[in-house]
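These are the residues of each chain, in order.
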Amino acid sequence: MGLAAYTSAVLTTAYGVSPWVTLFAALALTAALALTLGFITLRLSGHYLAISTIAWGIAIYFVFGNLEILGRYSGLDNVPPVSLFGWALDTGRESYYLIWIMTLSALIAARNLLDSRSGRAIRALRFRSVMAESYGVDTAMLKIIVFLYAALLAGVSGWLYAHYLRFVAPHGFGVNAGIDYLFMAVVGGASHVWGAVIGASLLTLLREWLNELLPKLLQRTGNYEIVVFGVLMMLLLHRTRDGLAPVFARLLPAGPARARPAEAPPLPRREQPRSGEVLLEVRAAQKQFGGLVAVSNLSFEMKSGEILGLIGPNGAGKSTMFNLITGVLRADDGAIRFRGERIDRRPPKEIAARGICRTFQHVNLVSAMSVLDNVALGAHLRGRRGTVAAMLRRDRAEEAQLLAEATRQIERVGLGSHLFEPAGNLPLGQQRVVEIARALCADPVLLLLDEPAAGLRYGEKRALAELLRRLRDEGVSILLVEHDMEFVMRLVDRLVVLDFGEKLAEGLPLAIQTNPAVVEAYLGGIE
Ligand code: ADP
Ligand code: MG
């Protein structure tokens, strides 16, 4: 914001350039800086990212304050107003309309973006980035894009600020200003598009009012409103972590119920391998966590068209094996081949692109997002449209295809009546089924299911077994981790039994059931 404001102020005052030209110069410079900062700081996560942005805020304040050409701490004045067809927008009222036009455009673009293929991925970034990677999202790239977009919005506001106040000085862009904006975002609700407007309006009005009231009340002047803001924020965070936007949304009348997405031309499908072809080949895989060997010298093979069960007591290394296959973890040793090609050492998104899709033992849905959007995220790699197309709504044809496909998969697993429910509201068993629908949405060649029947009722388990058999008949191969022996034995073609990371036995269900070593491990282990 500061960089754009100063760029525009310097170019218009010292060189007489039109503000409309400096807008682009300011945004270009902002974009360049944001990309540089983004590549450096986005590797940091959580608090470190926040702390480093505060550091940048402090640094830029002193840079502005110490440069002669920027007027040092007194800043630059006589910045010209923006003019439109020779009409200078030099009163508050005229600027007001310009500011609102820009704000509304930004809000609409943000809403369009969040309601798209990229938007679903963006909403998964914060808490579900491992899952997003497993469905082909380039999370590092997407974080940079989000950072860049936020910087460009800040740049536009810096430009508006300079030409509305007609004056720029360092204090407008220091850490305190940054904290003000943080308050606005938190109070309004950072995860809601309208939260920004609510937070900014409320805090600005409140500040005006307190500025008048507090000196009278306390008989002295000072920035006491900041204390009130602090207390307010604490109270608010206790009451509503998501800020005021959801509270306001509840006051509005509910819109019409959303209709089931319309049918659309189907997305292209992947060519499935011939039945019986060797699909997955694990050779001497090894994975250690510190001193603990989670997967030890494990080899097995699976053919296309097969349902292979991977069973073993708790902690045997089954989920770890899934993580090795999907690239979430890197094997210490050994090789994993998919359709003849090495896939260990490949990033998750590349493995996903080959048609290996998974569900997670610990359900990995974006809880606040609808079942439909969660499942549509599975089809991320089947779409192409990016962020700019989404903001401009040039992605509607593809989006209709993605949503129609997601709807079909949700109906296929029997959750058609829950399309628009937030995924986090469903019982845990059904959330697992949503995960299966999401995996199906990716048009998988190999489906990895980590304890899909856990938490399901008897009838639901039977329906799930029925669905998995039908999938196999349609050519999808399934690698299944499951604890419910009855469920496994009646479903799988073959079993691999793990214990302490090692292969204990391998064979047909009947032979496994009577294998003494397996019986021993299970009696000594779970259930
Ligand atoms: P399973 O899925 O068969 O129940 P896991 O593969 O989850 O077993 O775990 C195998 C072993 O590896 C367990 O002892 C577990 O505690 C350990 N483990 C799994 N993931 C990690 C990790 N990220 N860091 C350290 N230890 C882990
Ligand atoms: Mg597990």
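As shown above, the structure is provided for reference.
Residue indices begin from 1 for each chain and proceed along its sequence in written order. Note on labels: chains are lettered from A, ligands numbered from 1, in written order. In keeping with the model being predicted, local features are shown solely for residues with a pLDDT of at least 70 and side-chain atom pairs are shown and tallied solely at 80 or more, while totals for entire chains, interfaces and linings include all residues. The side-chain numbers reported here are obtained from all heavy atoms of the structure, hydrogens and water having been left aside.

A side-chain nitrogen of Lys or Arg and a carboxyl oxygen of Asp or Glu constitute a salt bridge if their distance falls within 4 Å. Using the criterion set out here, one finds 32 salt bridges in the structure. A salt bridge links Arg494 to Glu306; the nearest nitrogen and oxygen atoms lie 2.6 Å apart. Separated by 188 residues along the polypeptide, Arg494 in strand S11 (residues 494-499) and Glu306 in the loop between strand S4 (292-303) and strand S5 (307-311) bring together distant segments of the chain. For the pair shown, Arg494 and Glu306 are each scored as buried. Measuring nitrogen to oxygen at the nearest pair gives 2.9 Å for the salt bridge that ties Arg494 to Glu506. Separated by 12 residues along the polypeptide, Arg494 in strand S11 and Glu506 in strand S12 (residues 502-507) bring together distant segments of the chain. Here the term buried applies to any residue with accessible area under 20% of the maximum for its type, exposed to any over 50%, and partly exposed to those in between, with areas from a 1.4 Å probe on protein chains only. By relative accessible area, which is 35% here, Glu506 ends up partly exposed. Here the salt bridges do not stand alone but share partners, grouping Arg260, Glu263, Arg382, Glu405, Arg408 and Glu411 into one network. Under the DSSP-based scheme used, a helix requires at least four consecutive residues in state H or I and a strand at least two consecutive residues in state E, with every element numbered from the N terminus.

Another aspect to go through is the site of ligand 1. Lining the immediate surroundings of ligand 1 are Phe289, Leu292, Ala294, Asn314, Gly315, Ala316, Gly317, Lys318, Ser319, Thr320 and Gln361. The backbone of Gly315 places a nitrogen or oxygen atom 2.8 Å from an oxygen atom of ligand 1. A distance of 2.5 Å separates an oxygen atom of ligand 1 from a polar side-chain atom of Thr320. We get accessible surface area from the Shrake-Rupley algorithm with a probe of 1.4 Å; when it comes to residues, only the shown protein chains can shield them. Out of a free accessible area of 560 Å², ligand 1 has 60% covered by protein chains. The element contributing the most residues to the shell around ligand 1 is helix H12 (residues 318-325), with three residues. Just so you know the grouping, Ala, Val, Leu, Ile, Met, Phe, Trp, Tyr, Cys and Pro go in nonpolar, Asp, Glu, Lys and Arg go in charged, and all remaining residues, Gly too, go in polar. Residues that form the shell around ligand 1 fall into these classes: four nonpolar, six polar and one charged. Any residue with a heavy atom positioned within 4 Å of a molecule or strand is treated as near that molecule or strand. In protein, a polar contact means a hydrogen-donor-capable atom and an acceptor-capable atom, both N or O and within 3.5 Å, with residues adjacent in sequence counting only if both atoms are side-chain atoms; elsewhere, any N or O pair within 3.5 Å suffices.

Definitions used throughout: a 1 Å grid over protein atoms alone; a cavity as a set of points that fits a 1.4 Å probe which cannot get out; a pocket as an open set with protein on both sides within 12 Å along at least five of seven lines; a lining residue as one with an atom within 4 Å of a point. Grid points are joined across faces, edges and corners, and a volume is the space filled by probe spheres set on the points. Applying the stated criterion to the full structure yields three cavities of 30 Å³ or more. The volume enclosed by the largest cavity comes to roughly 60 Å³. Every residue lining the largest cavity is listed: Val82, Leu89, Ser95, Leu98, Ile99, Leu160, His163 and Tyr164.

Atoms are scored as donors when they are N, O or S and lie within 2.8 Å of the metal, with 3.2 Å used for Na, K and Ca; no water is included, so coordination may look incomplete. Distances from the magnesium ion (ligand 2) to its protein donors, Ser319 (OG) and Gln361 (OE1), fall within 2.0 Å. In this pair, Ser319 is assigned in helix H12 and Gln361 in the loop between strand S8 (356-358) and helix H14 (371-377), connecting sequence segments 42 residues apart. The class of Ser319 is partly exposed, set by a relative accessible area of 22%.

Relative to the 28 Å expected for 20 residues at 1.5 Å per residue, helix H3 (residues 47-66) spans 29 Å between its end C-alpha atoms, a close match to the ideal helical length. Restricting attention to buried positions, one finds in H3 the residues Ser52, Gly57, Phe64 and Gly65. Pairs of residues are marked as contacts when any of their non-hydrogen atoms sit within 4.5 Å. Buried residues in H3 make contact with helix H1 (2-15), helix H2 (19-41) and helix H8 (175-188). Between the first and last residue of a helix there are one fewer steps than residues, each counted as 1.5 Å, and that sum is the expected span.

Take the packing of aromatic side chains next. Note on aromatic pairs: the rings of Phe, Tyr and Trp (six-membered ring only in Trp) are paired at centre separations within 6.5 Å, and the planes decide the class, stacked below 30 degrees, edge-to-face beyond 60, tilted for the rest. Taken as a whole and judged by the stated rule, the model has nine aromatic pairs. Relative to Tyr73, the ring of Tyr61 has its centre 5.9 Å away and its plane inclined at 55°; by these criteria the two rings are tilted. With Tyr61 in helix H3 and Tyr73 in the loop between H3 and strand S1 (83-84), this pair connects stretches of sequence that are 12 residues apart. You can call Tyr61 partly exposed: its relative accessible area is 26%.

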